[in-house]
Amino acid sequence: MAEYNFKEIEEKWQKYWHKNKSFKAEVSSRPKFYCLEMFPYPSGKIHMGHVRNYSIGDVYSRYKLAQGFNVLHPMGFDAFGQPAENAAIKNKTKPGAWTHKCIEEMETELKKMGLSYDWDREVSTCDPDYYRWNQWIFIKMFEKGLAYKKASGVNWCPSCATTLANEEVIDGGCWRCHTKVEQKDLDQWYLKITGYKERLLEDLNQLKLWPERVIAMQTNWIGKSSGCEIYFRRKDNNGVIPVFTTRADTIFGATYIVLAPEHPTVLELIKGQPQEKEVLKFIDKVSQESKVVRSSSDVKKEGIFTGSYAINPVNNEVIPIWVADYVLMEYGTGVIMAVPTHDQRDFLFAKEHGLAMRVVIQPFTQQCELCAEDLSEAYEGDGRQINSAQFNGLPNLEGKAAIAEWMEKTRIGKIQTHWRLRDWLISRQRYWGTPIPMIYCDKCGVVSVAYEDLPVELPKDAPFTGEGGSPLGKVKEFVDCFCPKCKAKARRETDTMATFFDSSWYFLRYCSPEFTNGPFEVKDAKYWMPVDQYIGGIEHAILHLLYSRFFTKFFKDLGMIDFDEPFTKLLTQGMVLKDGEVMSKSRGNIVDPDSMIQRYGADTLRLFMLFAAPPETELEWDDRGMDGAFKFLNRVWRIQDNLKDKADEPVVRSLHKAIKKISEDMEAFKFNTAIASMMELVNAIYQSGADKEVYSKLIIMLSPIAPHFCEELWQNLGNQGSIIKAGWPKFDQKLLVEDTVEMPVQINGKVRSKISFPTNASVEIIQAIVAKDEKVQQWIQAKPIKKFIVVPNKIVTIVV
């Protein structure tokens, strides 16, 4: 047989799959399986992270196809966004032209990987046929009171010249360009995701097949806190300053309160005070800082005294009011009570500024009472109440409830629940995004575009430089319009939507990508959804995954779907590293997938990526691993030249053991150990030979991993059509049981021999075989046997 020529073979089978629409998915009576990898941003070149992500999904899709499932495995492009606009400015072209060029390049590279996509279902979010439904969804949300506009302080990226949602600020920088984020006051459009907070939290319990880490991240982001709102009073005018806390048990230890710099009461508190100018200067300084940095535990906290005082309602103690950078308006009421002895952040702040401290929780295990002056850090554990009036002596967990109930009864507080989750800011002052379909009329106010006028398309001639405001606002023909209600002259909204809007429902569009009467056809979504297996990076744990869950619940409320969660099972794959670091151009450690495909072939690259590490862990790139993968494929290739008429029984047994193990591993995404079992089977074949049946089953199991290679071998064996239709092999339970089993023989606590016995042999038979073993007899030396113990098929223990 000819040598393995991967270039010819891969080109041949890619043409075959395309011509025969081998992966076209259609609604049928067969059980469905929807496998989806998070769609890429079209940068123009795929990287090794793409190769790994899409290879994982492709192997699982092909495996499910071989099992007989009706598999939907689509691909598309998350095509709107800032990078295309920046690239267009840099290359003096249009974002649309740049994006479509990149999509074509990526399609070519993805097809070279042999991925089993139904390309007829491809979607691109920058196409008007797609984003008209973004606008349709927005209007539906507006009609339901879930889309609204308000003025507020927002995160602003000066480099991208646009706003960012809280979730898009990573370590104080823009999630795309990493520029330090500033604060800015603007009128912006929001989606009321908080209207779904209870369901978003409660329904996490349904996601039994999601990584615990992702569940924890979403739980923390939603941030449900049960506690008490306490009514501190201003000393100067008795006005109430409400403070939310989850630690009512420490209220008697509150020695000052701290307001967020943005809190509207701050300006009242400092008016006419000697500190007024300094506080205003401090507020201006903090306004330039990211909220993420302000709340980080790694950054030193700064604050300033307002000159005003409050009264602690539980003991009428007069305490100072401060303003500090670490308090955010987004949490609670924008005010905290500071208990330095029982909160480390408050402790460090109090030490820095010489503020009073009082211990109110005494550890259960400590005989001598804690003394505030002697503390080197805050005591944040449990204990009994002290210095807490009538609650002294109570365990603090009981005290927490008792104090909250007392405050509510005496009307100095109220038991409440607060949430960390805030409404989703979607306005962007950029060009390359979905136009927000709203109109401003002097008579009718804010009006949505009529459904029949969708899509509101992006003007193709908008001037943009990446500087100052929305480019859409500079296109008179776009801005000037007529009110859909009164037909008077009106102005169109010039902001575009955050691109996470586009990706919050794309998985539903794949169900019916050409449907023209709605975002998706209800009956098709009923068949295909929810996604059975979703695959993507952990970096999307909060942003994309949370928003997708929100949209799904909204569609359910519209009566368009009948399920609560979009993704049944989630796998978050690890990153690809080289020399211990994530591959990046700046580090100079990029390995180009196309160069590897040219040198070794796509099947070798797939095999290496899947064998090198389990999908959930990081993968360290190693050129030697590529050589090893290529050699393995060549070993498998050569088997076809030496097939026997009938395989020996040991090889047949090895095959059926391999089928069982590989099937279990494929189901559990343990592709590396599945490949290891294939390698063991190949070793057994090289020792004893194989017949056509053994070889066929080996290449069927290898085909999801190295599809072109196995298609060619399948054809070489005389089979008609594609290996895709061959069906996954089944193991014979009887062939899993060995006729003999090797067991160690232990004498007086040490293994002295290993002997083969018939499987499940009786003690009498084992004794007879042991009596004939020379090694055993040398150690026994005719001594009387006190004990002879057999653990069936495991070990023989002798005591002499």
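Everything below is about the structure shown above.
Model, not experiment: these values are computed from the prediction.

*Asks:* Could you give an account of the overall build of the protein, naming the residues involved and the relevant values?
*Replies:* Scanning the protein for helices and strands turns up 26 helices and 32 strands. Along the first, second and third principal axes, the C-alpha set of the protein runs to 100 × 80 × 50 Å. The buried share among the 800 residues of the protein stands at 55%. Once local pairs closer than 6 in sequence are excluded, the contacts in the protein between residues at least 24 apart make up 72%. Carbon and sulfur atoms form 51% of the exposed surface of the protein, whose accessible area is close to 35900 Å². Taking the average place of the 103 positive charges on the side chains of the protein and the average place of its 106 negative ones, the gap between the two points comes to 2 Å.

*Asks:* Report on the sheet that holds strand β24 (residues 531-536), specifying residues and quantitative values.
*Replies:* Across the sheet, which stays open at both edges, the 4 strands sit in the order β2-β1-β24-β25 with parallel pairing between neighbours. Two strands lie at the open edges of the sheet, namely β2 (70-72) and β25 (567-572), each paired on one side alone. If you compare each strand with its neighbour and ignore which way they point, the axes differ by 20° on average. In terms of strand pairing, strand β1 (residues 32-37) meets β24 through 3 bridges, oriented parallel.

*Asks:* Run through the side chain of E711, naming residues and quoting values.
*Replies:* With respect to the helices and strands, E711 occurs in helix α24 (residues 707-716). Buried charge E711 goes without a salt bridge, the closest partner of opposite sign being R62 at 5.3 Å. Within the structure, E711 has its side chain in polar contact with the side chain of S722 (distance 2.5 Å). Sequence-distant contacts of E711, defined by excluding residues within four places in its chain, comprise W13, W17, S722, I723 and I724.

*Asks:* Could you give me a rundown of the pairing of strand β22 (residues 489-492), with the residues and numbers involved?
*Replies:* Covered by surrounding structure in β22 are A490 and R492 only, the residues K489 and R491 on the alternate face being uncovered. In this sheet, β22 lies alongside strand β21 (residues 480-482) in antiparallel orientation, the contact comprising 3 bridges. Counted as the bridge partner of D480 is R491 from β22. Linking β21 to β22, which pair antiparallel, is a turn of 6 residues; within it K487 sits at a positive phi near 70°.

*Asks:* A description of the packing of aromatic side chains should follow, citing residues and the corresponding values.
*Replies:* Two aromatic rings, taken as a pair, are described by how far apart their centres are and by the angle between their planes. In the structure shown here, the tally under the stated rule is 50 aromatic pairs. Taking NZ or CZ as reference, R492 lies 5.4 Å from the ring centre of F478, over its face. The lysine or arginine in question, R635, covers the ring of Y686, its NZ or CZ lying 4.2 Å from the ring centre.

*Asks:* Please set out unusual backbone geometry residue by residue, giving values where relevant.
*Replies:* Residue P455 follows L454 across a cis peptide bond; omega there is 5°. Topologically, P455 is positioned in the loop between β20 (445-448) and α13 (476-479). In the segment running from M529 into P530, the intervening peptide bond is cis, with an omega of -5°. Its place among the elements puts P530 in the loop between α16 (522-528) and β24. If you check the backbone angles, K92 has positive phi at about 55° while not being a glycine. Positionally, K92 belongs in the loop between α3 (82-91) and α4 (95-112). Taking relative accessible area as the criterion, K92 reaches 79% and is therefore assigned exposed.

*Asks:* Can you tell me about the sheet that holds strand β32 (residues 795-799), naming the residues and giving the values?
*Replies:* The strand order across the open sheet built from 4 strands is β30-β29-β32-β31, with neighbouring strands paired in mixed fashion. Of all the strands in the sheet, just β30 (750-758) and β31 (787-791) have a single pairing partner and so form its edges. The average angle at which neighbouring strand axes cross in this sheet is 20°, direction not considered. Relative to β32, strand β29 (residues 740-747) runs parallel, the two being bridged by 3 bridges. Residue pairing across strands places Q746 opposite T797, the latter belonging to β32. Here helix α25 (residues 763-771) sits on the sheet in contact with β29, β30, β31 and β32, set at roughly 120° to β30.

What counts, and at which threshold
- Residues numbered from 1 in each chain as written.
- Predicted model: local features only at pLDDT ≥ 70, side-chain atom pairs only at ≥ 80, totals over all residues.
- Heavy atoms only, no water.
- Helix = DSSP H or I, 4+ residues; strand = E, 2+ residues; numbered from the N terminus.
- Buried < 20%, exposed > 50% of the residue type's maximum accessible area, 1.4 Å probe, protein only.
- Contact = heavy atoms within 4.5 Å.
- Areas by Shrake-Rupley, 256 points an atom, 1.4 Å probe, with all protein chains shown as cover.
- Lys, Arg positive; Asp, Glu negative; His and termini not counted.
- Charge placed at Lys NZ, Arg CZ, Asp CG, Glu CD.
- Pairing = 2+ DSSP bridges.
- Axes fitted to C-alpha atoms, helices over the stretch in contact; angles between N-to-C directions.
- Salt bridge = Lys/Arg side-chain N within 4 Å of Asp/Glu carboxyl O.
- Polar contact = N/O pair within 3.5 Å; in protein donor to acceptor, adjacent residues only side chain to side chain.
- Phe/Tyr/Trp six-rings, centres within 6.5 Å; stacked < 30°, edge-to-face > 60°.
- Lys NZ or Arg CZ within 6 Å of the ring centre and 35° of its normal.

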